[in-house]
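# Residue-level structural notes
What follows is the residue order along each chain.
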Amino acid sequence: MILNIKTNSRTDMVDITHKIAKAVDESGINRGLVHIYSMHTTAAITINENADPDVKKDIANALDKLIPWEDNYYHTEGNSAAHLKTSLIGTSEIIPIENNKLILGTWQGIFLCEFDGPRNRKVYITFLQS
Ligand code: ZN
């Protein structure tokens, strides 16, 4: 199934945990895995803290320092930094399901990481039952 996610700025970390949890609930799967996949070259998927919103700001700021927007890149579209950040973070995560619930630690949330927004993004969800 596909989730449509709207992002709101060039760099944005959108908490999609509740959407994935709802999809797991509706799948009826008791035990298995969920694969969460960004269908994009400038938007990634990661798991990190969703309790303190400053954590996602720190992640975004650190990535900006590591991979500045302007840096004599070859790619003429002008968004090389977004491509590089996406490859660094990765486009998917796999999370276990038990008793029809996501297995996440207390502070863990699932984020769509936007690096060239704002845009409408597609996240492809696959379930594996075990
Ligand atoms: Zn590009």
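See above for the structure.
Computed from a predicted structure; not experimentally measured. Position labels on residues start from 1 in each chain and follow its written sequence. Totals for whole chains, interfaces and linings use all residues, but because this is a predicted model, local features are given only for residues with pLDDT of at least 70 and pairs of side-chain atoms are given and counted only at 80 or more. Excluding hydrogens and water, the side-chain values take into account all heavy atoms of the structure.

### Quick look at the coordination of the zinc ion
Taken together, the protein ligands of the zinc ion are His 75 (NE2), Glu 77 (OE), Asn 79 (OD1) and His 83 (NE2), with distances of 1.8 to 2.2 Å. Counted as donors are N, O and S atoms no farther than 2.8 Å from the metal, or 3.2 Å for Na, K and Ca; water is not among the atoms, and sites may therefore look incomplete. For a four-donor site, all angles between 85 and 135 degrees give tetrahedral; for four or six donors, opposite pairs above 155 degrees with the remaining angles between 65 and 115 give square planar or octahedral; all remaining cases count as irregular. Its 4 donor atoms give the zinc ion angles of 92 to 152 degrees at the centre, a pattern that matches the irregular case. One chain supplies every donor to the zinc ion, and in sequence these donors are spaced H-x1-E-x1-N-x3-H. Since its relative accessible area comes to 4%, Asn 79 is described here as buried. Think of it in three bands: residues with accessible area under 20% of the maximum for their type are buried, residues over 50% are exposed, and the middle band is partly exposed, with areas taken using a 1.4 Å probe on protein chains only.

### Quick look at the pattern of salt bridges
What counts as a salt bridge is simple: a side-chain nitrogen of Lys or Arg found within 4 Å of a carboxyl oxygen of Asp or Glu. Within the structure shown, the criterion is met by 6 salt bridges. The closest approach of N and O atoms between Glu 26 and Lys 22, which form a salt bridge, is 3.1 Å. Taken together, the positions of Glu 26 and Lys 22, both in helix H1 (residues 17-27) and 4 residues apart, correspond to about one turn of that helix. A run of DSSP states H or I qualifies as a helix once it reaches four residues; a run of E qualifies as a strand once it reaches two. Both are numbered from the N-terminal end.

Worth remembering: the numbers are spatial, not functional.
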